[in-house]
Each structure stands twice: as C-alpha cells, then as structure tokens.
Amino acid sequence: HNQIDDRLDQFQDLARLRTLDLSHNRFSWKPTDFKRQMDKMAQLHVEELRLYPNDFAEGFDEFQFITLTLLPSLQSLDGFK
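Residues numbered from 1 in each chain as written. Predicted model: local features only at pLDDT ≥ 70, side-chain atom pairs only at ≥ 80, totals over all residues. Heavy atoms only, no water.

1. A word on the overall build of the protein chain
So, step 1. Tallying secondary structure elements over the protein chain gives 2 helices and 3 strands in all.
So, step 2. Helices and strands appear in the protein chain in the N-to-C order β-α-β-α-β.
So, step 3. Considered along the principal axes of its C-alpha atoms, the protein chain spans approximately 30 × 25 × 25 Å.
So, step 4. A burial count over the protein chain gives 38% of its 81 residues as buried.
So, step 5. In the protein chain, once contacts between residues fewer than 6 apart in sequence are set aside, the share between residues at least 24 apart is 62%.
So, step 6. For the protein chain, the accessible surface area stands at approximately 5200 Å², while carbon and sulfur atoms represent 49% of it.
So, step 7. Across the protein chain, the mean location of the 10 positive side-chain charges is 5 Å away from that of the 14 negative side-chain charges. (Helix = DSSP H or I, 4+ residues; strand = E, 2+ residues; numbered from the N terminus. Buried < 20%, exposed > 50% of the residue type's maximum accessible area, 1.4 Å probe, protein only. Contact = heavy atoms within 4.5 Å. Areas by Shrake-Rupley, 256 points an atom, 1.4 Å probe, with all protein chains shown as cover. Lys, Arg positive; Asp, Glu negative; His and termini not counted. Charge placed at Lys NZ, Arg CZ, Asp CG, Glu CD.)

Rendered as structure tokens:
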C-alpha cells in the first residue's frame, strides 16, 4: 500500500475527504500516539475509515472504540457499519 509514516498531518487540509483507507501502512503508534493522531482526524468529517491491518493494532483492541469515540462522523470502520 502507501507506506505512509506515523503522521496524519498531511490529511488536515482535505476538508472534503469522506473515505480514507489507511490499512497496510507502517503505523507503529502507541495508544497515546494513536489518540493524538485521531484527534487530528476529528477535524475532518471522514465517514468511512480503514485502519486494520497495521502494526499498531496488534495487541491494541481498543483502537476501534477510541476511533469511534473520537470521530463521530464515522459510519464505517474497517468495513463494519
């Protein structure tokens, strides 16, 4: 896939972005880093987001709950509605 690094700043100016597939990248966030990145994504109004699989998700099952909590516009996460 894209081999995007750990920072999502590059998407902050995409106000019309509604679907984003970030699966299969090199994200290695710890839980606090993940929350910080999702806080940045909250400024967008993404409706569909794919994060899994990524390295950070292994052993961090709470990432889906955190994502849904911080991104109220989400209608689909990792293919689940």
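2. What about the environment of Pro 31?
So, step 1. Turning to its location among the elements, Pro 31 is positioned in helix α1 (residues 31-41).
So, step 2. Expressed as a C-alpha distance, the spacing of Pro 31 and Lys 81, which sit 50 residues apart in the sequence, is 23 Å.

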